[in-house]
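The primary structure of each chain is shown beneath.
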Amino acid sequence: MIDLLVLGGLGVDVRVRVPGFPLPTVDSCTVDPIELRVGNTGAGVALAGHALGLRVTVVDVLGADPAGDVVRAALARAGVTAVLAEAPAGTRRSVNLVDPAGRRMSLYDPRPWAGPSPFPARELADLVRQAAHVHVSIMDWAAASLPTVRAALPGGTLVSTDLHDWDGVDPYHRPFADAADLVFVSGVRLGDRAAAVAAGLAPRTVLVTRGADGADLYADGPPVRIPAAPAPAPVVDTNGAGDAFVAGLVAARSRGAALPEAAGYAARVAATACTHDGMEYPPGLLPPR
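Values in this document were obtained by computation on a predicted structure and should not be read as measured data.

> Quick question: what am I supposed to make of the overall build of the protein chain here?
When its secondary structure is counted, the protein chain shows 10 helices and 13 strands. Relative to its length of 289 residues, the protein chain is compact, with a C-alpha radius of gyration of 18 Å against a globular reference of 19 Å. Here the C-alpha coordinates of the protein chain stretch approximately 55 × 45 × 40 Å along the principal axes. With 289 residues in all, the protein chain has 51% of them scored as buried. Put simply, of all contacts in the protein chain between residues at least 6 apart along the chain, 65% involve residues at least 24 apart. On the protein chain, roughly 12500 Å² of surface is accessible, and the fraction owed to carbon and sulfur atoms is 58%. Side-chain charges in the protein chain split into 24 positive and 29 negative, and the spacing between the mean points of these groups amounts to 4 Å.

Spelled out as structure tokens, the structure:
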């Protein structure tokens, strides 16, 4: 049995602590040690889900390169099951600039996959049939696998996706939204259009996340405001907070929590994740379910 199956979204982050935003216009700037670590959205959901006690399997492509070795080692340390194919273009990577308040700016190199999905439909369907919840990252190869995912879903198993910085129009994101039962979108990106975008995704459940301003839950009836949770310690790194929110909601729903309660718990998980540097959460850090 798989509590959480994550499709796509593995990569590495080059974390650079900067003095502030915008960066000073200078020839060079001395910073804290620059680190290469596991990153990207699928890794964030998988590692947070595992830290919350879920049985997690992640499926994706990785390069046969040092960056890929960083990801493989992190997943092995956590005990997350990984089903991997080799990416000829190499491992996805991001340069994450983090200011003293923990705010992040990410420069993303997707290393796009060329061609059909590297995972045979039968293999992917077998994994989906074992899953209590499937989370699909908006990765290139995963788009072609969406019909296979939907066709193999057991009764009661839901599909979620995080559209990240979707503007509500870009057609690339739409197949992921159409295949999902639960959709996360960025209220920071959508601004005043968030309510209209959420309404356009009905009857799906939609979480409009707003960072430190909480989230709005669109399900049956009027939207429900989900307040942000206070961080239990100083914020050091907001990278992965949204992924931790996703994992927290899945974890709470797995034990039968109603959506508003699950979203409130997810907010606490996300706030706590911000107090830790990186996505490899030590045992006991994230709030128990």
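After presenting the structure, the write-up continues.
> What is the right way to look at the sheet that holds strand S6 (residues 93-98) in this model?
Across a sheet, paired strands are connected by hydrogen bonds in the backbone, their directions being either parallel or antiparallel. Across the sheet, 4 strands lie side by side as S3-S2-S6-S7; this open sheet has mixed pairing. The open sheet has two edge strands, strand S3 (35-39) and strand S7 (104-109), and neither has a second partner. Pairs of neighbouring strands in the sheet enclose a mean axial angle of 30 degrees, with direction left out of account. Sitting on the sheet, helix H2 (residues 66-78) touches strand S2 (11-17), S3 and S6, and the angle it makes with S3 is about 60 degrees.

> Explanation requested: the nonpolar core in the structure shown.
One broad rule of soluble globular proteins: the nonpolar side chains tend to lie buried together. If you look at the biggest cluster of nonpolar residues, it comprises 47 residues, and the most contacted ones within it are Leu 207, Phe 245 and Leu 249. Only strand S1 (4-7), helix H1 (41-51), strand S4 (56-62), H2, strand S10 (182-186), strand S12 (215-218), helix H9 (241-254) and helix H10 (259-273) provide two or more residues apiece to this core. Sort the elements by how many residues they give to this core and H10 lands first, with 9 residues. Residues Ala 85, Phe 119, Val 185 and Ala 198 belong to the second largest nonpolar core, which totals 42 residues.

> Hey, could you run me through unusual backbone geometry in this one?
Trans is the prevailing form of peptide bonds, just as negative phi is the prevailing case for residues other than glycine. For the bond from Phe 21 to Pro 22, the omega torsion is -5 degrees, close enough to zero to count as cis. With respect to the secondary-structure elements, Pro 22 resides in the loop between S2 and S3. Residues Ala 202 and Pro 203 are joined by a peptide bond in cis, for which omega reads 10 degrees. Even without glycine at this site, Arg 111 takes up a positive phi of about 45 degrees. On the secondary structure map, Arg 111 appears in the loop between S7 and helix H3 (121-129). We note that His 164 has phi near 50 degrees; this positive angle belongs to a residue other than glycine. Relative to the elements of secondary structure, His 164 occurs in the loop between strand S9 (158-162) and helix H6 (174-179). Accessibility expressed as a relative area gives 29% for His 164, which makes it partly exposed.

> I tried to follow H1 on my own but got confused; where do I start?
Note on helix geometry: an α-helix contains 3.6 residues per turn, so any two residues three or four positions apart are oriented the same way. Counting buried residues in H1 gives 9 out of 11 residues, a clear majority hidden from the surface. Summarising the contacts, the buried residues of H1 are in contact with S1, S3, S4, H2, strand S8 (133-136) and H9. Immediately downstream of H1, the backbone of Gly 53 shows phi near 95 degrees, a positive value.

About the thresholds
Residues numbered from 1 in each chain as written. Predicted model: local features only at pLDDT ≥ 70, side-chain atom pairs only at ≥ 80, totals over all residues. Heavy atoms only, no water. Helix = DSSP H or I, 4+ residues; strand = E, 2+ residues; numbered from the N terminus. Rg over C-alpha atoms; globule rule 2.2 N^0.38 Å. Buried < 20%, exposed > 50% of the residue type's maximum accessible area, 1.4 Å probe, protein only. Contact = heavy atoms within 4.5 Å. Areas by Shrake-Rupley, 256 points an atom, 1.4 Å probe, with all protein chains shown as cover. Lys, Arg positive; Asp, Glu negative; His and termini not counted. Charge placed at Lys NZ, Arg CZ, Asp CG, Glu CD. Pairing = 2+ DSSP bridges. Axes fitted to C-alpha atoms, helices over the stretch in contact; angles between N-to-C directions. Core = buried A, V, L, I, M, F, W, Y, C linked by side-chain atoms within 4.5 Å.

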